[in-house]
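Residues per chain are reported as follows:
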Amino acid sequence: MIRVVQGDITELHVGAIINAANTTLLGGGGVDGAIHRAAGPDLLMACREIGGCPTGEVRITPGFALPSKWVIHTVGPVWRGGDKGEADLLESCYTQSLETAWAHDIHSIAFPGISTGVYGYPKQAAARIALNVMRHYDDRFDEIIVCCFTSDDKTVYLALYDTE
Ligand code: APR
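Model, not experiment: these values are computed from the prediction.

> I'd like a description of the overall build of the protein, backed by residues and values.
Helices and strands together make up the secondary structure of the protein, namely five helices and six strands. In sequence order, the secondary structure elements of the protein are arranged as β-β-α-α-β-β-α-β-α-β-α. For 164 residues, the compact-globule formula gives about 15 Å, and the C-alpha radius of gyration of the protein, at 14 Å, lands near that figure. A total of 164 residues make up the protein; the buried ones form 48% of that total. Partitioning the contacts of the protein with sequence separation of at least 6, the portion at a separation of at least 24 is 69%. Distance between charge centroids for the protein: 4 Å, based on 12 positive and 20 negative side chains.

Written out as C-alpha cells, the structure reads:
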C-alpha cells in the first residue's frame, strides 16, 4: 500500500528509510543531515567505509540509533533544466531503492522527496516519477510511504495520487 504522510522521516518505524544523499555519502544538510544526526556517528563511519555512491545508485547501511533498521542512501540528480537525463536518474534512485529493499527482505520503506530540495528538481515532476515507480512495486511491499516534510509537498503528491 502507498501512503502519503507529512512528517520527519527520521521518526518513522519502518524497515528502511531512504536518504537523499550526495556522492560522497559523508552527510550534508536537509534530510541527509537529519538522518545522520538521528542515526549517530556510527552512520558516518559506515558511510566512510563505503566510499561514495554515483548519482542514480544506492548503498545500504544499518540505521544505528534510528527507529528504522536500515538506511538506503541514494544520490538524486541535480536539476539542470531537464535535458541532462535527470528524469532517468531520479527514476533509477526509486527503482534501485525498492529493488535493494526487496533483496534485503524489507517490507516497509519510506522515501523523502529525493532531489526536490537543494538539488532543485521540480516537485510535481519528481512526484510523478516517484509514484509511477512505487505503483510498479506496490504489491511487493506491505507499505511504501512518501514522507513529505511540508504540507505543500503533501498536497503535490495527493493531487497526483488521486488523479493518476
Ligand atoms: N524528513 C523528511 N523529509 C525531509 C526532512 C526530514 N527530516 N528534511 C528535509 N526533507 C525534505 C526536503 O523538504 C525536500 O523535500 O527532503 C527533500 C529533499 O531535500 P534535500 O534534503 O535538500 O535533498 P536533495 O534535494 O536530494 O539534495 C541533496 O542536499 O543535504 C544535502 O547531502 C545532501 O548534497 C545532498 C543534497
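> Give me the lowdown on the pattern of salt bridges, citing residues and values where you can.
Applying the stated criterion to the full structure yields five salt bridges. Between Arg-3 and Glu-143 there is a salt bridge, and its shortest N-O distance comes to 2.6 Å. Taken as a pair, Arg-3 in strand β1 (residues 2–6) and Glu-143 in strand β6 (residues 143–148) lie far apart in primary sequence, 140 residues in all.

> Which residues make up the site of the ligand, and what are the values?
Taken together, 22 residues lie around the ligand, and Val-31, Asp-32, Ser-115, Gly-117 and Val-118 are the ones closest in. In this structure, Ile-9 approaches the ligand through a main-chain N or O atom, which is 3.0 Å from a nitrogen atom. For the ligand, an oxygen atom lies 2.8 Å from a polar atom in the backbone of Gly-117. Of all the elements in the fold, those that place two or more residues in the shell around the ligand are β2 (16–21) and α1 (30–39). When residues of the shell around the ligand are assigned to their parent elements, the largest contribution, four residues, is made by α1. Split into classes, the residues belonging to the shell around the ligand amount to eight nonpolar, ten polar and four charged.

What counts and how
- Residues numbered from 1 in each chain as written.
- Predicted model: local features only at pLDDT ≥ 70, side-chain atom pairs only at ≥ 80, totals over all residues.
- Heavy atoms only, no water.
- Helix = DSSP H or I, 4+ residues; strand = E, 2+ residues; numbered from the N terminus.
- Rg over C-alpha atoms; globule rule 2.2 N^0.38 Å.
- Buried < 20%, exposed > 50% of the residue type's maximum accessible area, 1.4 Å probe, protein only.
- Contact = heavy atoms within 4.5 Å.
- Lys, Arg positive; Asp, Glu negative; His and termini not counted.
- Charge placed at Lys NZ, Arg CZ, Asp CG, Glu CD.
- Salt bridge = Lys/Arg side-chain N within 4 Å of Asp/Glu carboxyl O.
- Near = heavy atom within 4 Å.
- Polar contact = N/O pair within 3.5 Å; in protein donor to acceptor, adjacent residues only side chain to side chain.
- Nonpolar A, V, L, I, M, F, W, Y, C, P; charged D, E, K, R; others polar.

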